[in-house]
Amino acid sequence: QVQLVESGGGLVRAGGSLRLSCAASGSVFSINSMGWFLQAPGKQRELVATITSGGSTVYADSVKGRFTISRDNAKNTVYLEMNNLKPEDTAVYYCAAEVYAFYDYWGQGTQVTVSS
């Protein structure tokens, strides 16, 4: 089992920055990729960024150049640095880990609200 706990969400004005953290515990040795997903009200959950154990990254087009995902394997923590935030980035952000199947472990989510 893997447990994921997110932190770092909050309210920020457009153009501002936030850094989300996701601490993993449990069977962390079994984690392959980790990722961040968002879910806006009334919409489906969508991918924001992913990072493999080797450091390869993938980003959604909407966040390229503004968001950076990174991973500290020694701390079992993944980060999402979010810059130049826009009101449309407002959502609940979830951390996820890929262990046995495609992103089969999820955190509880953290709210990010960007005011205009």
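Before reading on, note that the structure itself is shown above.
*Asks:* Mind laying out unusual backbone geometry, listing which residues take part and the relevant values?
*Replies:* With a phi angle near 55°, Asn 76 is a residue other than glycine that sits in the positive phi range. Within the secondary structure, Asn 76 sits in the loop between strand E7 (67-72) and strand E8 (77-82). Backbone geometry at Asn 84 places phi at a positive 50°, although glycine is not the residue there.

*Asks:* Go over the state of the cysteines, please, and point to the residues and values.
*Replies:* Across all of its chains, the model carries one disulfide by this definition. Between the sulfur atoms of Cys 22 and its disulfide mate Cys 95 the distance is 2.0 Å. Residues Cys 22 and Cys 95 share a disulfide whose torsion about the S-S bond is about -80°; that sign makes it left-handed. Taken together, the positions of Cys 22 in strand E3 (residues 18-26) and Cys 95 in strand E9 (residues 91-97) put the pair 73 residues apart, joining distant regions of the chain. Of the two residues, Cys 22 and Cys 95, both sit in the buried class.

*Asks:* Let's hear about the nonpolar core: which residues, and what values?
*Replies:* The biggest cluster of nonpolar side chains holds 31 residues, and the ones touching the most others in it are Leu 4, Met 34, Trp 36, Val 48, Leu 80, Met 82 and Tyr 93. Of all the secondary-structure elements, those providing two or more residues to this core are strand E1 (2-7), E3, strand E4 (34-39), strand E5 (46-51), E7, E8, E9 and strand E11 (110-115).

*Asks:* So, the sheet that holds E1: which residues are in play, and what are the values?
*Replies:* Taken in spatial order, the four strands line up as E1-E3-E8-E7 in an open sheet, and their pairing is antiparallel. Edge positions in the sheet fall to E1 and E7, since each has one partner strand and no second. On average, each strand axis in the sheet is tilted by 15° relative to the strand beside it, whichever way the strands run. By the bridge criterion, six bridges tie E3 to E8 in an arrangement that is antiparallel. Looking across to E8, one finds that Arg 19 is bridged to Glu 81.

*Asks:* Please set out the pattern of salt bridges residue by residue, giving values where relevant.
*Replies:* All told, the structure shown has two salt bridges when counted by the stated rule. The partner of Asp 61 in a salt bridge is Lys 64, and the shortest N-O contact between them spans 3.1 Å. For Asp 89, the salt bridge identified is with Arg 66, shortest N-O distance 2.8 Å. Placement of Asp 89 in the loop between E8 and E9 and of Arg 66 in the loop between strand E6 (57-59) and E7 is noted, with a sequence separation of 23 residues between them.

*Asks:* Kindly report on the pairing of E3, identifying the contributing residues and their values.
*Replies:* Relative to E3, E1 is paired through six bridges, and the arrangement is antiparallel. Considered in E3, the bridge of Val 2 is made with Gly 26.

*Asks:* Which residues make up the side chain of Ser 30, and what values go with them?
*Replies:* Structurally, Ser 30 can be placed in the loop between E3 and E4. Since its relative accessible area comes to 16%, Ser 30 is described here as buried. Apart from the residues lying within four places of it in its own chain, the contact partners of Ser 30 are Val 2, Glu 98 and Val 99.

Criteria and thresholds
Residues numbered from 1 in each chain as written. Predicted model: local features only at pLDDT ≥ 70, side-chain atom pairs only at ≥ 80, totals over all residues. Heavy atoms only, no water. Helix = DSSP H or I, 4+ residues; strand = E, 2+ residues; numbered from the N terminus. Disulfide = S-S within 2.5 Å. Buried < 20%, exposed > 50% of the residue type's maximum accessible area, 1.4 Å probe, protein only. Core = buried A, V, L, I, M, F, W, Y, C linked by side-chain atoms within 4.5 Å. Pairing = 2+ DSSP bridges. Axes fitted to C-alpha atoms, helices over the stretch in contact; angles between N-to-C directions. Salt bridge = Lys/Arg side-chain N within 4 Å of Asp/Glu carboxyl O. Contact = heavy atoms within 4.5 Å.

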